[in-house]
Amino acid sequence: MQDKIKEIREVLKEVKYPGTVKNIVELDMVQRIQIDGNKVMFRLVFQNSGDPFVNVIKKKCESLLIDYEKVEIETLFMHDLERPLSLEKVKHIIAVSSGKGGVGKSTVAANLAVALAMQGYKVGLVDADIFGPSMPKMFGCEKAQPYMEKIENQDMIIPVEKYGVKILSIGFFVDPASATVWRGPMASNALKQMVEQGFWDELDYMLIDLPPGTSDIHLTLVQTVALTGAIVVSTPQQVALADAIKGINMFESPGIHVPVLGLVENMAWFTPAELPDNKYYLFGKEGAKKLAEEKGLRLLGQIPVVQSICDGGDSGEPVALDPDSITGAAFARLAREVVKAVEENQAQTKRVRITKH
């Protein structure tokens, strides 16, 4: 039986998702293959209920499985699948992404999480940047050791909690002094385990700090959870903006369909602590703001460069803890804009219940 299921998966690899080079098996759209005599049944899982290629892909699958007298295909949409136990009480899941490294994405994710918590929201943070996990240091909890606990007959990982934020990072489970080499599947499995086995309980917002660029980890994320949306972080530099466009296109591409809630312009300008009214545009002026306008996206915030932001990250005390400081105030505004963007996105996107064809 397993050999026949394997054969069916190989056949269905011929079905490419339109507009991409990836096939539907690679995209994990084919699930629960069952064979009953000369009848084959399986699920096709799509990210979005408005996917224009549902019927095209179904017909292509049926045409390839001509050796079977009957082919039954159940069509489901990602948002309608049951969430893992760990995510049942999580209201919104937001990916924090960047097209390239070095733009301060993790700093933005950490301080956004703290700013949301300080505004009274229940917040979780997953450090999925497994090639360079930085959250343990940024939150000053490098020696923390998450532990397993059996909850409702399932082994769950209890997140570390600091500054009102529940945190899980691969940095808690590897030796920081040792170089860790991750192959694609290993990295993806580590992310899935942290998200699905973490005991998050009730959360208003879960932020997932992704590795820079576009990779299998990003694909794993959209296959694992129904994302509320994504935030793309960039500096004003043209080279960073070019990579930010790739990130935006990835989330908006066919087969993924994750709403981009908006852009964050980090390192927008330099403000000396002793001259708080002065702005020096070291990396160009308002590049991300212009990109947001071109793409019809919201500019969620502009974060200035101040020495305290670096000191806060190194000392384990995020600058968002002081909402009266220049950068702390910027992150407080960012948090409010993210909440507003989520609410507006929800108003525009009505969830569709399970649809079967």
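As a reminder, the structure under discussion sits directly above these lines.
Residues numbered from 1 in each chain as written. Predicted model: local features only at pLDDT ≥ 70, side-chain atom pairs only at ≥ 80, totals over all residues. Heavy atoms only, no water.

*Asks:* I'd love a proper account of the sheet that holds strand β2 (residues 39-46), names of residues and values included.
*Replies:* Strand order in the open sheet made by the 3 strands is β1-β2-β3, with mixed pairing throughout. In this open sheet, the two edge strands, each paired with only one partner strand, are β1 (30-36) and β3 (70-77). Pairwise comparison of adjacent strand axes, ignoring direction, gives a mean angle of 15° for this sheet. Bridging between β2 and β3 involves 8 bridges; their strand directions are parallel. For V45, the partnering residue across the bridge sits in β3 and is L76. Contacts from helix α1 (residues 2-12) reach β1 and β2 within the one sheet, and its direction differs from that of β1 by about 130°. Along the sheet face, helix α2 (residues 54-64) touches β2 and β3 and points at about 155° away from the line of β3. (Pairing = 2+ DSSP bridges. Helix = DSSP H or I, 4+ residues; strand = E, 2+ residues; numbered from the N terminus. Axes fitted to C-alpha atoms, helices over the stretch in contact; angles between N-to-C directions. Contact = heavy atoms within 4.5 Å.)

*Asks:* Tell me about α1, and name the residues and values.
*Replies:* When we look at burial in α1, the residues that qualify are I5, I8 and L12. Buried positions in α1, seen along its axis, are confined to an arc of 55° and lie on one side of it. Within α1, the exposed residues directed more than 90 degrees away from the buried face are D3 and K6. (Buried < 20%, exposed > 50% of the residue type's maximum accessible area, 1.4 Å probe, protein only. Arc of directions from axis to C-beta.)

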